[in-house]
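Structural features, examined
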Amino acid sequence: MHRKRRFDTWDVLIHLSLIIASLVCLLPFLHVAAKSLSSDAFVIANKVFLLPRGFTFEAYGKIFADASILRSLYVSVIVTVVFTLLGMIITICAAYPLSRKQLKGRTALTMIFMITLYFSGGIIPEYMLMNQLGMLDTLWALILPQAFSAFNFLIMKTAISSSIPVSLEESARIDGAGHFRILWSIVLPLSKPIIATLSLFYAVGRWNAYQDALFYIKQAVELRPLQLKLYYLVIQASESFQLEATQVQLSNPEVLKASCVVFATLPILCIYPFIQKYFVQGVLLGAVKE
């Protein structure tokens, strides 16, 4: 009885901790969403908390009325899709051979990749490199520099090593399968959870990034991604000077900021439920040794 009562106590504490952590993540977003759907008067008076006051879609209507924002949304979608596909191709092609013990020098090669986790050239050398390669004001400047993540590579390599038995590869070799056949027919189908997880990491990281676009996209206004466009709109609403030509004019910058946050977050929120089951499996993959 004592053991059962202690288990129930810890069970309650764990559930309370999870509920509190969930509310800490959810309540700020609900507050921002409520501000984006409220009228300016209630927001200025700080009367909006978790429910909208003076319910209106005026902020979103003015955002969608600007054709440049819709074009920036299209650019962000294209960049995110290409970036995720390219990143996963590079990660898989690097992780699979380095996860096989028969590859000579794989430890040294892995260490070379890991060094990039701790050391980098810096912003100025990267900008000079993009300039010399002629990639400024092009979409490739937003795709190629960050297309490979050593952290994601390490996760993929560990997942393949722990989930793909060597005996399975050997049996495929006896049947005459080569490396590409083994990768396509055995490794990739068995690695769907970790592939979905890393794809989510790549997509979310690229979708939320705007600093590189701020540096590399200067003259080609039509190539500005959504996050950079919304950044300029928020700065424009907060400052007295004009940073960018736009049709969005709101009297209260707080409403614009809230609507921009919700507008940029919704696409990821709509995609996440479809890959959530793979995400959970991918995080747990290789965590238990038997």
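Refer to the preceding data block for the structure.
Residues numbered from 1 in each chain as written. Predicted model: local features only at pLDDT ≥ 70, side-chain atom pairs only at ≥ 80, totals over all residues. Heavy atoms only, no water.

**Some words on the side chain of Arg 100**
What counts, and what does not: The helix count covers DSSP runs of H or I at least four residues long, the strand count covers runs of E at least two residues long, and both are numbered beginning at the N terminus. Any two residues whose heavy atoms approach within 4.5 Å are treated as being in contact.
Within the secondary structure layout, Arg 100 lies in the loop between helix 4 (67-98) and helix 5 (106-115). Once residues within four sequence positions are removed from consideration, Arg 100 is found in contact with Arg 106, Ile 160, Ser 161, Ile 164 and Glu 169.

**Looking at helix 11 (residues 192-208)**
To keep it simple, the criterion reads: The span expected for a helix works out to 1.5 Å for each residue beyond the first. Burial classes follow relative accessibility: with a 1.4 Å probe on protein chains only, a residue under 20% of its type's maximum area counts as buried, one over 50% as exposed, and anything between as partly exposed.
Relative to the 24 Å expected for 17 residues at 1.5 Å per residue, helix 11 spans 24 Å between its end C-alpha atoms, a close match to the ideal helical length. Taken together, the buried positions of helix 11 are Pro 193, Ile 194, Ile 195, Ala 196, Thr 197, Leu 198, Leu 200, Tyr 202, Ala 203, Arg 206 and Trp 207.

**Some thoughts on the packing of helix 9 (residues 166-174) against helix 10 (residues 179-190)**
Geometrically, a packed helix pair is captured by the angle between its two axes and the distance between the axes. As a reminder of what qualifies: In this analysis, axes come from line fits to C-alpha atoms, helices being fitted only over the stretch in contact, and the angle between any two N-to-C directions falls in the range 0 to 180 degrees. Angle categories are assigned with fixed cut-offs, so that under 35 degrees is roughly parallel, over 145 is roughly antiparallel, 65 to 115 is roughly perpendicular, and the rest are oblique. Throughout, a crossing is termed right-handed when the near helix is turned clockwise from the far one, and left-handed when it is turned anticlockwise from it by less than a right angle. Residues are grouped as follows: Ala, Val, Leu, Ile, Met, Phe, Trp, Tyr, Cys and Pro are nonpolar; Asp, Glu, Lys and Arg are charged; all remaining types, including Gly, are polar.
For the pair helix 9 and helix 10, interaxial distance at closest approach is 10 Å and the crossing angle is 140°. Considered as vectors, helix 9 and helix 10 are oriented oblique to each other. For helix 9 against helix 10, the interelement crossing comes out right-handed. Between helix 9 and helix 10, the contacting residues are Leu 168, Glu 169, Ala 172 and Arg 173 on the first element and His 179, Ile 182, Ile 186 and Leu 190 on the second. A breakdown of the residues in the contact of helix 9 with helix 10 according to their chemical character gives five nonpolar, one polar and two charged.

**Observations regarding the environment of Lys 62**
Tracing the chain through its elements places Lys 62 in helix 3 (residues 58-64). Lys 62 sits 194 residues away from Leu 256 along the chain, and the two C-alpha atoms are 9.5 Å apart.

**Observations regarding the nonpolar core**
For clarity, the cut-off: Nonpolar core, defined: a set of buried Ala, Val, Leu, Ile, Met, Phe, Trp, Tyr and Cys residues in which side-chain atoms within 4.5 Å join the residues together.
Residues Ile 92, Met 156, Ile 160, Ile 182, Val 187 and Ile 195 are the most contacted members of the largest nonpolar core, which totals 37 residues. Listing elements by their share of this core, those giving two or more residues are helix 4, helix 7 (140-143), helix 8 (150-163), helix 10, helix 11, helix 12 (211-216) and helix 13 (226-238). If one sorts the elements of this core by residue count, helix 4 sits on top with nine residues. Residues in contact with Ile 160, not counting those within four places in the same chain, are Ala 95, Tyr 96, Ser 99, Arg 100, Val 187 and Ser 191. Of all hydrophobic cores here, the second largest spans 12 residues; its members include Ile 63, Val 234, Phe 263 and Ile 268.

**Let's talk about the environment of Val 48**
Summarising the element assignment, Val 48 is placed in the loop between helix 2 (40-44) and helix 3. Not counting chain neighbours up to four residues away, the residues in contact with Val 48 comprise His 31, Ala 34, Lys 35, Ser 38, Phe 42, Val 43 and Arg 53.

**A few points about helix 8**
For helix 8, spanning 14 residues, the distance from its first C-alpha to its last is 20 Å, which sits close to the expected 20 Å at 1.5 Å a residue. Within the span of helix 8, buried status applies to Ala 150, Asn 152, Phe 153, Met 156, Lys 157, Ala 159 and Ile 160.

**Brief notes about the packing of aromatic side chains**
Aromatic ring pairs are defined here through the distance separating the ring centres and the angle between the ring planes. To be explicit about the condition: Stacked, tilted and edge-to-face pairs are distinguished by plane angle, under 30 degrees for stacked and over 60 for edge-to-face with tilted covering the rest, among Phe, Tyr and Trp rings (Trp via its six-membered ring) whose centres lie within 6.5 Å. The rule for a charge over a ring is simple: NZ of Lys or CZ of Arg within 6 Å of the ring centre, and within 35 degrees of the ring normal.
Applying the stated criterion to the full structure yields six aromatic pairs. Ring geometry for Tyr 127 versus Tyr 216: centroids 6.3 Å apart, planes at 25°, classification stacked. Here Tyr 127, found in helix 6 (residues 123-132), pairs with Tyr 216, found in helix 12; they are 89 residues apart in sequence, far enough to count as distant. A residue is classified by how much of its surface remains accessible, and Tyr 127, at 33% relative accessible area, is partly exposed. Looking at Tyr 216, the relative accessible area reads 4%, which means it is buried. Feature note: the residues Phe 113, Phe 148 and Phe 153 constitute an aromatic cluster, connected by ring pairs. The ring of Phe 83 has Arg 206 lying over it, and the distance from NZ or CZ to the ring centre is 6.0 Å.

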